[in-house]
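Summary of structural features
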Amino acid sequence: MFDVQTIRRDFPILAREVNGKPLVYLDNGASAQKPKVVIDAITRAYAEEYANVHRGLHTLSNIATEKYEAVRGTIARFLGAADEEEIVFTSGTTEGINLVAYGWAMPNLGPGDEIVLSVMEHHANIVPWHFLRERQGVVLKWVDVDAAGNLDPQAVLDAIGPKTKLVAVTQMSNVLGTVVDVAAIARGAREKGVPVLVDGSQAAVHMPVNVDEIGADFYAITGHKLYGPSGSGAIHIRKERMNEMRPFLGGGDMIREVHKDSVTYNAPPMKFEAGTPGIVQQIGLGVALDYMMGIGMADIAAHEQAITGYAMDRLGGLNWLQVQGRAEHRGAIFSFTLDGPAHAHDISTVLDKKGVAVRAGQHCAGPLMDHLGVAATCRASFAMYNTPEEVDKLVEALELCHELFA
Ligand code: PLP
């Protein structure tokens with residue numbers, strides 16, 4: 001049974017105060033806090049079981065390798081992937097998408113080829129494609145969201161032309177909370193023979209994900225938002241796409257043989273994992289994903305949907321505050337601006353004095369900010385451990401901002 005108070009006790013940091021007030025942590029979209037099981041696993045990995053992986057024939061290296069490699073299976077289970085060899089370890093979504101840009105797109109796309117993107121992508125799913133625009137003459141085609149922040153899958157499919165070689169979309173906006181029907185996009189794109197990359201950084205935290213059902217070619221996640229360590233993550237890549245990819249980073253582990261005048265590569269997924277990886281980070285991620293699956297992704301989603309509804313009602317009741325985006329399918333990420341002269345940074349500073357942690361700025365989403373016509377927003381993003389009472393504390397603190405700045 002989902003019990004938010006029990007869950008809160010699993011996260012030591014939630015017991016602390018900030019500026020003399022109980023912490024209300026609503027910056028989960030940037031990075032989530034870590035449960036004690038993850039913190040303990042990290043300590044144990046360093047204190048009792050640490051060595052480099054893959055290379056040694058000694059006990060500690062074998063233990064570390066076993067624990068590290070087991071996480072591939074955990075990630076596959078978490079993502080509903082039938083084949084764990086389709087999981088490539090990365091340091092996070094940014095590296096995952098860059099791997100696709102350098103490893104798959106650069107060798108396969110040329111001048112005039114198109115990549116279709118939504119206007120609400122995070123810079124991690126924009127800038128690597130700008131590299132292809134700058135260096136190889138690839139054309140970026142943008143699909144707008146409507147006034148409520150919905151992204152119509154049909155609009156994405158309509159943007160696909162004969163020169164389109166990739167569709168790259170987020171499953172959940174890190175600014176608007178919009179949840180995108182990426183399965184419909186993947187289905188339609190597949191019929192047109194166009195691969196799809198899904199940025200699952202936000203979605204995978206808040207709802208059950210099944211990459212085999214979604215049917216995209218690439219699905220990227222980032223561990224630190226999934227209650228795991230920073231520097232951990234993965235990307236699911238379909239075998240047929242892996243076979244079309246050249247290596248991204250070169251170094252140890254990703255090779256089979258190296259000579260003065262030749263090199264051969266390891267089989268995927270290791271072909272795409274160069275150098276000493278984030279051993280302990282990935283081990284911590286495995287524990288975090290097991291923790292989430294132990295609670296149950298459906299129960300986490302139901303709890304957060306209740307919070308979403310409550311926060312929407314409370315924030316929607318403040319006539320001096322504008323929530324950006326009211327998409328039909330949305331999760332617990334709210335960006336807002338306040339009437340009056342105060343910058344988002346001023347608002348977040350006042351909220352912090354009340355112990356409420358939110359993010360302020362552009363949220364790595366420049367094109368979306370342009371589309372919305374705002375310079376910056378405040379963003380409150382919720383996690384499995386947040387409560388309706390914390391929504392009330394946010395609203396109380398916002399009312400103080402309104403008094404101060406109106
Ligand atoms: N994509 C989305 C939607 C995000 O919210 C983020 C992180 O804020 C990223 C990509 C980048 O993730 P990371 O910085 O962990 O690589």
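A quick note: this is a predicted structure, and the numbers were derived from the prediction, not measured.

**Side note on the overall build of the protein**
Scanning the protein from terminus to terminus reveals 15 helices and 17 strands. Against the globule reference of 22 Å for 406 residues, the protein gives a C-alpha radius of gyration of 22 Å, in line with a compact fold. Of all 406 residues assigned to the protein, the portion counted as buried reaches 57%. At a minimum sequence separation of 6, the contacts of the protein that also span at least 24 residues come to 72%. Here the protein has roughly 16,300 Å² of accessible surface; of this, 52% comes from carbon and sulfur atoms. The average position of the 35 basic charges and that of the 49 acidic charges among the side chains of the protein differ by 4 Å.

**Here we look at helix α5 (residues 127-136)**
Along α5, the residues classified as buried are Pro128, Trp129, Leu132 and Gln136. Angular distribution of buried residues about the axis of α5 spans 105°; they occupy a single face of the element. For α5, the secondary structure elements touched by its buried residues are α4 (93-108), β5 (114-118), β6 (139-143), β7 (164-170) and β8 (196-199). Positive phi shows up at Gly137, right after α5, with a value of about 70°.

**Brief notes about the packing of aromatic side chains**
Inspection of every chain in the model, using the stated rule, returns ten aromatic pairs. Geometrically, the ring pair formed by Phe11 and Tyr227 is edge-to-face, given 5.8 Å between the ring centres and 65° between the ring planes. Highlighted residues: Phe11 in the loop between α1 (4-9) and β1 (17-18) and Tyr227 in the loop between β9 (218-222) and β10 (233-237), separated in sequence by 216 residues. With 5.0 Å between their ring centres and 25° between their planes, Tyr102 and Phe248 make a pair best called stacked. Taken together, the residues Tyr102 in helix α4 and Phe248 in the loop between α10 (239-242) and β11 (255-258) connect sequence positions 146 residues apart.

**Remarks on the site of the ligand**
All residues adjacent to the ligand are Gly92, Thr93, Thr94, His122, Ala124, Asn174, Asp199, Ser201, Gln202, Thr222, His224 and Lys225. At 2.7 Å, a side-chain N or O of Gln202 approaches an oxygen atom of the ligand. Here the ligand, which alone exposes 390 Å², has 85% of that area covered by the protein. Residue composition of the shell around the ligand, grouped by class: one nonpolar, nine polar and two charged.

**Notes on the pattern of salt bridges**
In this structure the tally under the stated criterion is 20 salt bridges. Here Glu390 makes a salt bridge to Arg8, at a shortest N to O gap of 3.3 Å. Residue Glu390 is located in helix α15 (residues 388-405), and its partner Arg8 is located in helix α1; the two are separated by 382 residues in the primary sequence. Residues Glu390 and Arg8 agree in their burial class; the two are buried. Residues Glu240 and Arg241 are paired through a salt bridge, measuring 3.9 Å at the closest nitrogen-oxygen approach. Members of the salt-bridge network, linked through shared partners, are Arg190, Asp217, Glu240, Arg241 and Glu244.

**As for the pairing of β8**
For a regular strand, side-chain orientation follows a simple rule: the groups alternate between the two sheet faces. Along β8, one buried face is formed by Val196 and Val198 and the opposite face, lined by Leu197 and Asp199, is buried too. The sheet contact formed by β7 and β8 spans four bridges and is parallel. Looking at β8, one finds that Thr170 is bridged to Asp199. In terms of handedness, the path from β7 via helix α7 (residues 182-191) over to β8 forms a crossover that is right-handed.

**Structural notes on the UniProt feature "domain: Aminotransferase class V" (unreviewed entry) in the protein**
Under the present numbering, the feature "domain: Aminotransferase class V" (unreviewed entry) in UniProt falls on residues 24-394. Between the C-alpha atoms that bound residues 24-394 there is a distance of 8 Å. The span itself is 40% helix and 17% strand.

**Re a nonpolar patch on the surface**
A grouping of Val258, Val263 and Tyr265 is seen on the molecular surface, where their side chains present a nonpolar patch of about 250 Å² in accessible area. Structurally, the position occupied by Tyr265 is in strand β12 (residues 263-265). Residue classification places Tyr265 among the partly exposed positions, given a relative accessible area of 34%.

**Focus on the nonpolar core**
One recurring pattern in soluble globular proteins is that nonpolar side chains are buried together. Core analysis: the largest hydrophobic core is formed by 75 residues, its most contacted members being Ile75, Tyr219, Tyr227, Met384 and Tyr385. The dominant element in this core, judged by the number of residues it contributes, is helix α11 (residues 279-295), at eight residues. Not counting chain neighbours up to four residues away, the residues in contact with Tyr385 comprise Val4, Ile7, Arg8, Phe11, Leu14, Tyr25, Asn28, Ala32, Gln33, Tyr227 and Glu390. Of all hydrophobic cores here, the second largest spans 31 residues; its members include Val24, Val358, Phe382 and Leu394.

**Overview of helix α3 (residues 59-79)**
Since the α-helix advances by 3.6 residues per turn, residues separated by three or four positions end up pointing in the same direction. Between the first and last C-alpha of α3 there are 31 Å, a value that for 21 residues agrees with the 30 Å anticipated at 1.5 Å per step. Of the residues making up α3, those classed as buried are Ser61, Ala64, Thr65, Tyr68, Val71, Arg72, Gly73, Thr74, Ile75, Ala76, Phe78 and Leu79. Phi for Gly80, located one or two positions after α3, is positive at around 70°.

About the criteria used
Residues numbered from 1 in each chain as written. Predicted model: local features only at pLDDT ≥ 70, side-chain atom pairs only at ≥ 80, totals over all residues. Heavy atoms only, no water. Helix = DSSP H or I, 4+ residues; strand = E, 2+ residues; numbered from the N terminus. Rg over C-alpha atoms; globule rule 2.2 N^0.38 Å. Buried < 20%, exposed > 50% of the residue type's maximum accessible area, 1.4 Å probe, protein only. Contact = heavy atoms within 4.5 Å. Areas by Shrake-Rupley, 256 points an atom, 1.4 Å probe, with all protein chains shown as cover. Lys, Arg positive; Asp, Glu negative; His and termini not counted. Charge placed at Lys NZ, Arg CZ, Asp CG, Glu CD. Arc of directions from axis to C-beta. Phe/Tyr/Trp six-rings, centres within 6.5 Å; stacked < 30°, edge-to-face > 60°. Near = heavy atom within 4 Å. Polar contact = N/O pair within 3.5 Å; in protein donor to acceptor, adjacent residues only side chain to side chain. Nonpolar A, V, L, I, M, F, W, Y, C, P; charged D, E, K, R; others polar. Salt bridge = Lys/Arg side-chain N within 4 Å of Asp/Glu carboxyl O. Pairing = 2+ DSSP bridges. Right-handed = clockwise from strand over helix to strand, strands pointing away. UniProt positions renumbered as here; feature names shortened; annotations may be inferred. Patch = residues over 30% accessible without salt bridge, like charges linked within 9 Å, V, L, I, M, F, W, Y side chains within 5 Å. Core = buried A, V, L, I, M, F, W, Y, C linked by side-chain atoms within 4.5 Å. Expected span 1.5 Å × (residues − 1).

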